[in-house]
Amino acid sequence: MIGMMRESMDDAAKADIGTAEAGGGPGTPAAPTAEDRFRALATAGALSVYRMSPEWRLMYQLDSDTLAVTSEATEDWADHYILPEDRERVGAAIREAIATGTIFELEHRVRLADGSIGWVLSRAVPLRGQNGRIVEWFGAARDVSDRKRTEEALRDSEAKYRRLFDSMDEAYAVVEVLKDETGRWADFRFLEVNPAFMEHTAMPYPVGRTATELLGTPNPRWAALYGQALDSGTALRVEETEPALGRVFDLNIFALDRAQNRVAVLFTNVTERRRSLNLQDTLLAELQHRVRNIMAVIRSIVRRSHDEERSAEDYVQHLEGRIAALARTQALLTRRPGVGVDLEEIVRDELLAQAASEDQVSIRGPDVALAPKAAEVLTLALHELATNATKYGAFSHRDGHVDIAWRVEPRDGRDWLVLNWAENGVPILVPGPLRRGFGTELISSRIPYELRGRGSFELRPGGLRSEIEFPLVPGGSILDMDGGTI
Amino acid sequence: MTTNPAAGVAGARVLVLEDDYYLATDLQEALEQAGATVLGPCSTATDALRLIEEKRPDCALLDVNLGQGPSFDLPKELSRLGVPFAFVTGYEGNVIPEAYAQTERLEKPVGPGQVVSTTSRLLTGAGA
């Protein structure tokens with residue numbers, strides 16, 4: 001195309017020189033004039049052709065299908081064709097061409113005959129007289145508006161995507177995947193990232209550096225994934241943990257340029273989402289476990305409550321009380337993680353459940369936070385003691401009184417809770433069911449088994465005494481979970 | 001399945017790991033009534049590991065409890081010793097590691113009959 005153009009220009013130049021030399025002398029009538037050839041060139045080649053004075057002050061002539069035609073020498077040609085904001089640039093190119101006496105070549109905007117704006121690739125050659133001085137410039141401008149529009153659309157589109165990548169929440173990166181000396185995908189270099197990349201990874205700006213440089217260790221897993229996308233040419237969707245960053249990512253990996261080993265990766269940091277999904281799974285499993293366990297415990301309590309009571313009414317009453325106490329413990333187990341259960345609250349709740357009056361009770365002890373398991377067992381133990389007191393002990397007598405006191409003391413490097421239940425003012429000591437059966441077993445066997453402590457009873461003048469002691473262990477609610485065991 | 005599940009259980013030494021006292025003693029009672037000797041019951045895996053150092057059980061029933069910190073030391077040790085065991089669990093199968101996918105599971109709540117028949121299967125090798 002360019003070759004053709006040059007050829008055309010050469011022809012035109014010859015024609016023009018001929019005109020200048022002939023000086024309007026007689027020509028063959030049948031032969032086309034230089035003027036005709038000039039115009040023919042313009043229409044045949046979809047070119048605008050023009051002639052300029054040596055200093056480009058005057059435009060002698062311009063013929064075109066798309067630009068306004070100039071047929072007489074005019075000084076204000078620039079006003080007609082060149083946009084004001086482009087004049088500086090066009091002027092500079094002209095000055096350069098004049099100074100060097102070489103070809104003028106510039107792509108610039110032009111005002112078209114219909115008033116709209118187009119683009120031309122304009123080239124002009126200097127035509128020299130016999131003395132070697134430039135006589136005029138002969139130029140041809142090709143309309144490149146379509147190409148320019150395409151380029152502009154492409155630039156717009158690129159800018160749009162750039163804005164999208166810059167503003168989107170997802171991280172985006174282009175990497176060049178690198179092979180080691182054995183030809184295996186071993187590392188990768190960051191070529192491009194968007195601002196979200198730094199947020200999702202908490203990495204410094206990585207462009208130009210390799211993953212090994214950035215993370216301080218080789219990352220064979222990532223290199224293999226990116227290499228896989230290159231090898232297969234298909235997109236990968238994976239969730240991966242990055243140990244060096246301690247994060248989990250959800251990634252879309254796709255080959256961008258297989259010849260240059262370039263891969264694009266679009267990803268988000270899903271560490272929190274993954275953690276909460278895992279927690280949800282664990283909680284669901286734990287809930288299931290607890291419900292089944294509690295059903296098993298109730299089944300066992302039902303059976304164990306049976307043989308100690310005389311009447312069905314008694315049996316039902318005891319059973320109801322135990323199940324209610326068990327229900328109270330369940331609320332304690334699912335409190336906020338890391339928060340223990342307040343001992344005094346448990347004591348008061350169990351006394352309250354028996355409708356014991358304030359003046360029949362004294363409660364003394366330091367603040368103690370119990371782990372869920374200890375809270376559960378102690379609640380049930382206090383329930384048994386309080387129920388017994390209501391039916392047979394201190395709460396069944398006007399002058400009866402229960403003194404509940406506890407202390408924390410160090411033993412073998414651990415803190416032990418020592419709780420004393422002391423009834424007073426019970427004139428006739430009745431060995432109630434607590435002497436045997438469910439409550440007894442709970443305090444004297446379950447406490448050692450589950451809390452690794454001790455529980456004992458003693459019937460003394462004035463009423464029942466019980467001492468419960470066990471080591472305090474840390475541990476909040478069942479929501480504090482970080483693993484499994486058997 | 002044997003027609004008389006209790007028959008194979010009598011005289012056997014069965015390790016029981018269950019952190020709930022009631023459930024542990026229920027298992028113990030069911031097994032003892034069938035004539036078995038219970039090792040434990042143990043409320044922690046640590047206790048159970050200490051116990052099997054002294055007395056080797058013929059089989060074991062293990063509660064699965066995720067609340068106590070991650071350790072599968074006991075099943076590992078029992079496998080090493082060649083002692084058959086079953087899990088007693090309130091969890092669905094998906095919390096049990098792949099390595100124990102074939103291990104028999106008793107789902108809570110467990111009745112005494114199930115305890116004895118499972119133990120019998122473990123002892124005769126009919127369990128998985």
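Going by what an unreviewed UniProt entry lists, chain B is known as Response regulator and is assigned to Sphingomonas parva.

Per an unreviewed UniProt entry, chain A goes by the name histidine kinase and belongs to Sphingomonas parva.

Notes on the overall build of chain A
Helices and strands together make up the secondary structure of chain A, namely 13 helices and 17 strands. With 486 residues in all, chain A has 43% of them scored as buried. Looking at chain A alone, contacts between residues at least 24 apart form 56% of all its contacts between residues at least 6 apart. With an accessible surface of roughly 25,300 Å², chain A has 52% of that area assigned to carbon and sulfur atoms.

Quick word on the packing of aromatic side chains
Residue and element names in this part refer to chain A. Counted according to the given criterion, the structure contains 15 aromatic pairs over all chains. Arranged with centres 5.2 Å apart and planes meeting at 70°, the rings of Phe-190 and Phe-197 form a pair that is edge-to-face. Judged by relative accessible area, Phe-190 falls into the buried class, the value being 6%. For the pair Phe-197 and Phe-267, a centre-to-centre distance of 5.6 Å together with 85° between the ring planes defines the contact as edge-to-face. With Phe-197 in helix 6 (residues 195–201) and Phe-267 in strand 10 (residues 262–269), this pair connects stretches of sequence that are 70 residues apart. Phe-267 matches Phe-197 in its accessibility class, with the two residues each being buried. Sitting over the ring of Trp-119, Lys-148 keeps its end group 4.3 Å from the ring centre. The ring of Trp-185 has Lys-179 lying over it, and the distance from NZ or CZ to the ring centre is 4.5 Å.

Side note on the sheet that holds strand 15 (residues 414–424) of chain A
In sheet architecture, strand pairing relies on hydrogen bonds along the backbone and comes in two forms, parallel and antiparallel. All names here are of chain A. Read from one edge to the other, the open sheet built from five strands follows the order 12-14-15-17-16, with strand pairing classed as mixed. Here the strands that pair on one side only, and so sit at the sheet edges, are strand 12 (361–364) and strand 16 (454–460). When strand polarity is set aside, the average angle formed by the axes of neighbouring strands in this sheet is 15°. Here strand 16 runs beside strand 17 (residues 463–471); their pairing, made up of seven bridges, is antiparallel. Each bridged residue has a counterpart across the sheet, and for Glu-458 the counterpart in strand 17 is Arg-465. Across the sheet, helix 13 (residues 437–451) lies against strand 16 and strand 17, angled at about 155° from strand 16, the strand it touches most.

Points about the side chain of Glu350(A)
Residues and elements named next belong to chain A. Position of Glu-350 among the secondary structure elements: in helix 11 (residues 343–353). For Glu-350, a relative accessible area of 2% translates into the label buried. Engagement of the side chain of Glu-350 in a polar contact is seen with the side chain of Arg-328, the distance being 2.6 Å. Setting aside anything within four residues of it in sequence, one finds Glu-350 in contact with Ala-325, Arg-328, Thr-379, Leu-382, His-383 and Ala-386.

Considering the pattern of salt bridges
Overall, the coordinates contain 38 salt bridges over all chains when judged by the stated rule. The closest approach of N and O atoms between Lys148(A) and Glu151(A), which form a salt bridge, is 3.6 Å. Taken together, the residues Lys148(A) and Glu151(A), both in helix 5 (residues 145–167) and three residues apart, mark about one turn of the helix. Residue classification places Lys148(A) among the buried residues on the basis of a relative accessible area of 12%. Note on Glu151(A): relative accessible area 29%, which makes it partly exposed. Where Arg121(B) meets Glu104(B), a salt bridge forms, and the shortest distance between an N and an O atom there is 2.6 Å. Within this pair, whereas Arg121(B) is found in helix 5 (residues 112–124), its partner Glu104(B) is found in the loop between strand 4 (85–89) and strand 5 (105–107), the two being separated by 17 residues in sequence. Judged by its relative accessible area of 16%, Glu104(B) falls in the buried class.

Parameters and conventions
Residues numbered from 1 in each chain as written. Chains lettered and ligands numbered in written order. Predicted model: local features only at pLDDT ≥ 70, side-chain atom pairs only at ≥ 80, totals over all residues. Heavy atoms only, no water. Helix = DSSP H or I, 4+ residues; strand = E, 2+ residues; numbered from the N terminus. Buried < 20%, exposed > 50% of the residue type's maximum accessible area, 1.4 Å probe, protein only. Contact = heavy atoms within 4.5 Å. Areas by Shrake-Rupley, 256 points an atom, 1.4 Å probe, with all protein chains shown as cover. Phe/Tyr/Trp six-rings, centres within 6.5 Å; stacked < 30°, edge-to-face > 60°. Lys NZ or Arg CZ within 6 Å of the ring centre and 35° of its normal. Pairing = 2+ DSSP bridges. Axes fitted to C-alpha atoms, helices over the stretch in contact; angles between N-to-C directions. Polar contact = N/O pair within 3.5 Å; in protein donor to acceptor, adjacent residues only side chain to side chain. Salt bridge = Lys/Arg side-chain N within 4 Å of Asp/Glu carboxyl O.

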